[in-house]
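What follows is each chain in one-letter form.
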Amino acid sequence: MSAIECCRSATLGGHVERCEDCGHSRIAYNSCRNRHCPKCQGAAAQAWLAAREADLLPVGYFHLVFTLPAEIAAIAYQNKAVVYDLLFRTAAETLLTIAADPRHLGARIGATAVLHSWGSAMTHHPHLHIIVPGGGISLDGKHWVRCRPGFLLPVRVLSRLFRRLFLAGLADAHTAGRLAFFGELDGLRHRPTFTAHLAPLRNKNWFVYAKPPFAGPEAVLAYLARYTHRVAISNSRLIGLDERGVSFRYKDYRRNGRARHRTMTLAPDEFIRRFLLHVLPKGFHRIRHYGLLATAACKASIARARELIAAPMPSMETPAEHDDTGSAGTVAEHRPPCPYCGGRMIIVETFERNGAPRAPPSSDAGVRTAMS
């Protein structure tokens with residue numbers, strides 16, 4: 001919270017930029033670079049997307065959503081690292097196992113999974129968005145296996161295996177003492193109570209949703225640009241702050257048409273509480289790659305897949321890093337051009353945290369304050 005409050009203010013220091021052509025100067029304050037800050041994800045998303053572009057295959061792509069039941073969401077909130085990691089592992093294992101089954105696709109596939117822990121109203125709603133190429137390399141490695149048009153894998157089969165794997169993994173975590181329970185969930189620390197709590201879920205339908213396939217690889221990139229580095233709420237959804245509280249736009253998915261787009265007003269403390277529900281444990285990766293796209297073998301797997309599909313190799317060079325680290329510290333700085341002449345802005349002075357420029361920047365074009 002402190003990082004977001006200080007973002008792009010004098011608290012974090014900054015620098016003075018000056019146009020090489022017209023001499024216009026402006027102050028640019030430093031960003032907090034916290035991965036939960038709504039202001040700091042644009043550059044990080046673009047750098048990540050540039051690295052992913054060369055990994056796209058010339059095939060159709062599918063979008064699947066794996067969602068945890070509400071009965072487990074509360075457990076997940078009190079055990080984020082353990083349960084979110086289990087969600088990733090079991091969803092990926094489900095996809096890879098069913099895809100490798102000769103009764104279905106009979107191939108090794110790849111997947112990119114992105115964790116979202118919120119609903120549109122910032123309530124706690126953990127789920128994975130998973131992007132999967134429409135096919136995979138045959139189990140003998142000799143040819144590319146294409147999926148049926150508009151169909152990847154049966155969601156009912158995926159749902160049942162996902163349910164079984166997740167509940168087994170959660171029970172193992174409880175036995176190993178890796179789960180903690182507080183408040184209303186305190187009784188779940190006892191094994192009989194925990195087992196009774198999970199029992200109804202073994203017969204409940206778990207939500208695995210397959211959206212219509214993307215129009216092409218370019219549509220996949222456009223989607224990822226919106227979703228990979230998203231936080232619980234963006235600045236564009238905020239409407240106002242007054243004596244009633246914080247007002248923002250959200251979607252009510254129980255309604256259709258125009259009625260789906262609604263406005264909500266929350267007291268400031270409730271608004272902040274909901275936002276902070278979605279802060280991830282330090283070092284936890286919310287974007288992960290599996291199968292053919294797994295970091296260790298990605299380049300070799302993509303090259304082999306392109307060879308089997310008879311696709312040309314990409315000419316662009318891509319960064320070696322294939323996962324998000326939760327830090328924007330490696331993102332290249334981008335300075336907007338001069339607003340008056342479009343010239344290149346160069347740094348002429350820097351100042352430390354809680355500091356200020358030696359003198360106010362001035363030029364014939366006037367003084368402007370900008371956010372880096």
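Quick look at the structure, then.

Conventions we followed
- Residues numbered from 1 in each chain as written.
- Predicted model: local features only at pLDDT ≥ 70, side-chain atom pairs only at ≥ 80, totals over all residues.
- Heavy atoms only, no water.
- Helix = DSSP H or I, 4+ residues; strand = E, 2+ residues; numbered from the N terminus.
- Buried < 20%, exposed > 50% of the residue type's maximum accessible area, 1.4 Å probe, protein only.
- Contact = heavy atoms within 4.5 Å.
- Areas by Shrake-Rupley, 256 points an atom, 1.4 Å probe, with all protein chains shown as cover.
- Axes fitted to C-alpha atoms, helices over the stretch in contact; angles between N-to-C directions.
- Parallel < 35°, antiparallel > 145°, perpendicular 65-115°, else oblique.
- Left-handed = near helix turned anticlockwise from the far one by under 90°.
- Nonpolar A, V, L, I, M, F, W, Y, C, P; charged D, E, K, R; others polar.
- Pairing = 2+ DSSP bridges.

**A look at the overall build of the protein chain**
Move 1: Helices and strands together make up the secondary structure of the protein chain, namely nine helices and 15 strands.
Move 2: Scored against the burial criterion, the 372 residues of the protein chain give a buried share of 48%.
Move 3: Taking as baseline every contact in the protein chain between residues at least 6 positions apart, the subset at least 24 positions apart corresponds to 72%.
Move 4: By element, 53% of the accessible surface of the protein chain is carried by carbon and sulfur atoms, the whole surface being about 19200 Å².

**A word on the packing of helix 4 (residues 80-100) against helix 5 (residues 155-175)**
Move 1: Their axes nearest at 9 Å, the elements helix 4 and helix 5 cross at an angle of 140 degrees. When the interaxial angle is binned, helix 4 and helix 5 end up oblique. Note that helix 4 runs across helix 5; the crossing there is right-handed. Of the residues in helix 5, those in contact with V82, V83, L86, L87, T90, A91, E93, T94, L95, T97 and I98 of helix 4 are V157, L158, L161, F162, L165, F166, G169, L170 and A173.
Move 2: By residue class, the composition of the contact of helix 4 with helix 5 is 15 nonpolar, four polar and one charged.

**Description of the sheet that holds strand 10 (residues 238-242)**
Move 1: The strand order 10-11-12 describes an open sheet built from three strands, whose pairing is antiparallel. The sheet is open, and its two edges are formed by strand 10 and strand 12 (261-266), each paired on a single side. With direction set aside, neighbouring strand axes in the sheet form an average angle of 25 degrees.
Move 2: In this structure, strand 10 lies alongside strand 11 (residues 245-251), joined through four bridges in antiparallel fashion. Across the sheet, the residue bridging to L241 is V246, located in strand 11.
Move 3: Of the strands in this sheet, strand 10, strand 11 and strand 12 touch helix 8 (residues 268-276), which is tilted by about 115 degrees from strand 12.

**Observations regarding the packing of helix 3 (residues 70-78) against helix 4**
Move 1: Packing of helix 3 against helix 4 brings their axes to within 5 Å, and their N-to-C directions diverge by 125 degrees. The orientation of helix 3 relative to helix 4 falls into the category oblique. The residues of helix 4 that touch helix 3, namely those facing I72, I75, A76, Y77 and Q78, are K80, V83 and Y84.
Move 2: Of the residues in the contact of helix 3 with helix 4, the class split is six nonpolar, one polar and one charged.

**A word on the pairing of strand 3 (residues 61-67)**
Move 1: With respect to burial, strand 3 is a largely interior element, seven of its seven residues being buried.
Move 2: On strand 3, burial covers both faces: Y61, H63, V65 and T67 on one face and F62, L64 and F66 on the other are all buried.
Move 3: Bridge count between strand 3 and strand 6 (residues 124-133): seven bridges; the pairing is antiparallel. Across the sheet, residue F62 finds its bridge partner in strand 6, namely V132.
Move 4: As paired strands, strand 3 and strand 9 (residues 208-211) are joined by four bridges and run antiparallel to one another. Within the sheet, the bridge partner assigned to V65 lies in strand 9 and is Y209.

**Considering unusual backbone geometry**
Move 1: In this model, R33 sits at a positive phi of 60 degrees, which is unusual for a non-glycine residue.
Move 2: Residue position: R33 is located in the loop between strand 2 (25-29) and helix 2 (42-53).
Move 3: Even without being glycine, M122 reaches a positive phi, approximately 70 degrees.
Move 4: Within the secondary structure, M122 is located in the loop between strand 5 (110-118) and strand 6.
Move 5: Taking relative accessible area as the criterion, M122 reaches 0% and is therefore assigned buried.

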